[in-house]
Each structure stands twice: as C-alpha cells, then as structure tokens.
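Geometric and topological summary
Next come the chains, spelled out residue by residue.
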Amino acid sequence: MAIEYKEGKMNKEIIIGDWKMPECDTEASMNMWNARAQEFAKQRGVEDDDWVAALVKRHGMLPADGAFLDVGCGAGKYTVYFAKKCAEAWGTDFSEEMIKNAEQRAREAGTGNAFFSCDNWHTLEMADKGWKGKFDFVLANMTPAIQSAETFEKLTEASCGWCLYIHPVLRTGSVADRLKKKIFGKKPDPRYPQLQYAFNLLWEKGLFPAVEYREHNWVRSFELERAVDIFKNDLRSKRTLTDEEEASIEKYLIEHAINGIVEEEVRTTQFALYWEV
C-alpha cells in the first residue's frame, strides 16, 4: 500500500490509520504459539556470527553495563545470548509456554541476569511496567508483538539507546499460503508494508533509521497432529472457522503429510531497521 503525501510531507495520521491492530482471535493465536513452543525450544543457541548479533556488535548497540529488552522473545535464544553481553536482559512474550522454555534455556546456560515476563505487548503500558526509557537496546525480531503503529512506537518508548526491528518485506509459506487461499478464497499477498510505515514514523519524529536486508529461507516440520492444531489456530486467529472449513484443513494436511510429517518451505526477504533514540 502506498503512503499518501501532502505538500511533499508524509501524512502521519494516514500511516497510523492504516497500520492498526488487525481483528484477531487472541485465544486462538495464544493456542497456536503455545503449540509451537517446543519447536522454538529446540532451536540452537545464537552464535557471534548470527545476523542480529553481528549487526548489534558492529554498531555498538549494547554496552557491557547496559540493559536489554527482547520483545516477543519466544524461547529466549536472543535474551540468553545478549544476557552474556550486558548487565541485565529481559525477555517478554505473551505465550506462557514460550516463557517456560525461555526460563529453562536461561537456567541451562547459567545466565542469572536473564529475566522473563509473560505480557501482551499490545496492551502493555511501559510506565506501569517500569520499562519506560529503561533499556539501552530493544529488539523486536520476527514477532507478532508489533502489529500497529502504537505497538511499534512502544519500542522507542522503552529505549534510552538503540532499537532494532526485524520483519519480512516478503514472505511465502508453501502450506500456510495454500490453506489461506483454500479457506479465504484468495492467495495472500506476500508483501508486507511494515517497513515503509515504520521508517516514515521514525523520520517524522526526527530520527534517522538505517535499514539492511537479507534472504532467509527454511523448512519447518510438524507431526501431523501438531500441524493440524497449529494451522487451524493460525487461521482461527484471523476469523471464526466453520466445521466444514476445519474439516477441509485437516483433510488437506492428511493428504500432504509424508510418513505422518507435514513439511512447509518458508521463503523470506527480511529487513533490519535500526535507530538510535
């Protein structure tokens, strides 16, 4: 979607009006992420050559005596990694199962300065949490926590130093896209408008964001029963499904499973947008 400009200037109100929270079933979304918690827990730890880690080091975003916030932390791999680089690290996620796995990862890593909090970023108030301007570096990496101008601007609100926002500009999923076309009647648009919204909101504030890109593709695998649960809840989070639609989803996944496993190829072009507060 193109952003309108008036007299050579961006109309901020249009961006805020366009980039707003989509209607969704919060319970279905929660169930989906809880169901995926074990998948995230199995992800290996972050190494120094990781794209995010290298970018943070290159720009000196996190001082050794600083505080770090990981928004939508999932199973905590970045929280634990950056806890070893600073004085205090916090991870927040709205999935209780993700938080349990993150806490377990921190215990296994022996990072006593890594803390976790189960929160809904969409409704979280920074002042009430004691997080307003608290963190030297705030990360939001591939997270549904950021779904509107309001939830995006909370990153800057929580920071006294740097912010880094990573999200696709293009994304396709070989299974999810076919199911969405089957249920909703049209193929989903692979393009994401978040970059143009976020960049222009920061520019309007007098900040000078920078951006980098990368191609990142992977294959994810689910046992059939878990796949049915995950993909149904993903679609339920968009709208209520009929019994016939739920049966259609299950039938599709059964037909495309191989030896009881459903595989999906995910292809993305991701941006890393970063700025100093």
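This text gives an overview of the structure that appears in the document. Bear in mind that the values here come from a model prediction, so they are computed numbers and not experimental data.

1. A few points about the pairing of strand 6 (residues 135-141)
The element strand 6 is largely enclosed, with a buried count of six among its seven residues. Bridge count between strand 6 and strand 7 (residues 159-173): six bridges; the pairing is parallel. Note on strand 7: the bridge partner recorded for V138 is C163. Note on the crossover from strand 6 through helix 8 (residues 149-158) to strand 7: the handedness is right-handed.

2. Comments concerning the pattern of salt bridges
Note on pairing: side chains with opposite charge can pair once their charged atoms come close. Taken as a whole, this structure holds 16 salt bridges when the rule is applied. Here K100 ties to E97 by a salt bridge, and the two come within 3.3 Å at their closest N and O atoms. With a gap of three residues between them, K100 and E97 both fall in helix 6 (residues 96-109), about one helical turn apart. Assessed through its relative accessible area of 30%, E97 is described here as partly exposed. Salt bridges sharing common partners tie together K232, R236, E246 and E250.

3. Thoughts on the packing of helix 8 against helix 10 (residues 194-204)
At their nearest, the axes of helix 8 and helix 10 sit 11 Å apart, and the two run at 55° to each other. Between helix 8 and helix 10, the angle is such that the two are oblique. Crossing of helix 8 against helix 10: the hand is right-handed. Side by side, helix 8 and helix 10 meet where A149, F152, E153 and T156 of the first sit next to A198, L201 and L202 of the second.

4. Description of the nonpolar core
By size, the foremost hydrophobic cluster in this structure holds 30 residues, and its most contacted members are W19, W121, F152, L155, Y165, L273 and W275. Only strand 3 (67-71), strand 6, helix 8, strand 7, helix 10 and strand 9 (261-276) provide two or more residues apiece to this core. A per-element tally of this core places helix 10 first, with five residues. Residues contacting W121, with those up to four places away along its chain left out, are L69, V71, T92, M126, A145, I146, T151, K154 and L155. By size, the runner-up hydrophobic cluster in this structure holds 29 residues, among which are C73, V80, A102 and W162.

Parameters at a glance
- Residues numbered from 1 in each chain as written.
- Predicted model: local features only at pLDDT ≥ 70, side-chain atom pairs only at ≥ 80, totals over all residues.
- Heavy atoms only, no water.
- Buried < 20%, exposed > 50% of the residue type's maximum accessible area, 1.4 Å probe, protein only.
- Helix = DSSP H or I, 4+ residues; strand = E, 2+ residues; numbered from the N terminus.
- Pairing = 2+ DSSP bridges.
- Right-handed = clockwise from strand over helix to strand, strands pointing away.
- Salt bridge = Lys/Arg side-chain N within 4 Å of Asp/Glu carboxyl O.
- Axes fitted to C-alpha atoms, helices over the stretch in contact; angles between N-to-C directions.
- Parallel < 35°, antiparallel > 145°, perpendicular 65-115°, else oblique.
- Left-handed = near helix turned anticlockwise from the far one by under 90°.
- Contact = heavy atoms within 4.5 Å.
- Core = buried A, V, L, I, M, F, W, Y, C linked by side-chain atoms within 4.5 Å.

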